[in-house]
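Commentary on secondary and tertiary structure
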Amino acid sequence: MFASITAMFDRAVAFILSLLVFIFPIKPVNEPLNGKGNITVTAHSGCMGLPDNSIEAMEKGIEAGAQIVEFDLNYTADGEPVLNHDTPENPDGYVTLAQAFEFLSEHKDIRANVDVKSTAYLEKLEPLAEEYGVTEQLFFTGLNEDDIPVAKEKAPNVPYYLNTGVEMDTDLEALAKKAAELGAIGLNLNWKDCTIKLVKVCHSLGLEVSVWTVNEERGAKEMALIGVDNITSRNPDMVCEAIAGLK
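Conventions and cut-offs
- Residues numbered from 1 in each chain as written.
- Predicted model: local features only at pLDDT ≥ 70, side-chain atom pairs only at ≥ 80, totals over all residues.
- Heavy atoms only, no water.
- Buried < 20%, exposed > 50% of the residue type's maximum accessible area, 1.4 Å probe, protein only.
- Helix = DSSP H or I, 4+ residues; strand = E, 2+ residues; numbered from the N terminus.
- Pairing = 2+ DSSP bridges.
- Right-handed = clockwise from strand over helix to strand, strands pointing away.
- 1 Å grid on protein atoms, 1.4 Å probe; cavity = no way out; pocket = protein on both sides within 12 Å on 5 of 7 lines; lining within 4 Å.
- Points joined across faces, edges and corners; volume = space filled by probe spheres on them.

**Thoughts on helix 7 (residues 196-204)**
Helical geometry note: an α-helix holds 3.6 residues per turn, so side chains three or four residues apart project in the same direction. Within the sequence span of helix 7, burial applies to Ile196, Leu198, Val199, Val201, Cys202 and His203. Positive phi appears at Gly206, one or two residues downstream of helix 7, with a value of about 75°.

**So, the pairing of strand 5 (residues 138-141)**
Alternating positions in strand 5 separate into two faces, Leu138 and Phe140 on one and Phe139 and Thr141 on the other, with burial throughout. Bridging between strand 4 (residues 111-116) and strand 5 involves four bridges; their strand directions are parallel. Among the inter-strand pairings, Val114 is bridged to a residue of strand 5, identified as Phe140. Assessed by its sense of winding, the connection that carries the chain from strand 4 through helix 4 (residues 125-132) to strand 5 is right-handed.

**A word on empty space enclosed by the protein**
Within the structure shown, the criterion is met by one cavity of 30 Å³ or more. As for the largest cavity, its lining consists of Ala43, His44, Ser45, Asn53, Ser54, Ala57, Met58, Val69, Glu70, Phe71 and Leu83. Mapped onto the lining of the largest cavity, the elements with two or more residues apiece are helix 2 (55-63) and strand 2 (68-75). Ranked by residues supplied to the lining of the largest cavity, first place goes to strand 2 with three residues.

Don't take any of this as a statement about function, it's just geometry.
Below, the structure is given as structure tokens:
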């Protein structure tokens, strides 16, 4: 009961801060760990109204100011890595991972959030990434506690977040410690589950907090004010503008 009340209080405080920022200049409550105290913006795989998992969406996301592009990793029936949320029925209709890596190789200052939808053929990712010279640009999301050992074995050089949900009675300290024990660089969760306390607990352990999918200005400002490290959005231009307004 106490944990639930605390979580509700944290969300209420964040909401009030996001409203006050329209009137007063307010700094983030928790300083982001990412980079030099900067919040990074990830362009959702289908940002700017473009088709999910398309090269066009990545291009427009970068033009909108995002430092990170996101795409879903899946495989055809014969194991070819492709960009798709579900197992593709028509392999010719999807962008291949090789095509995505070729695009990344031409944008060396951009990172890629590889949202892993299946680990079945994940061992194919690193050799391909090395071929295109993009390994250091990659990190994984989409991995739960059971997926992480598989990812570490099949792609040991790619850092990863722990994907998680948070309930009102979740023990946030235990959750953050579990992520640290698993070797994750942070937590990746729905922005509506994120609170000031969660960010503070994660930062105390050197863990980042990445939230998805923030498509409205109020949510973007709320997350920026509580000090998350990364915000994923279908509207990265809006998020970049909202963050700039807080500086």
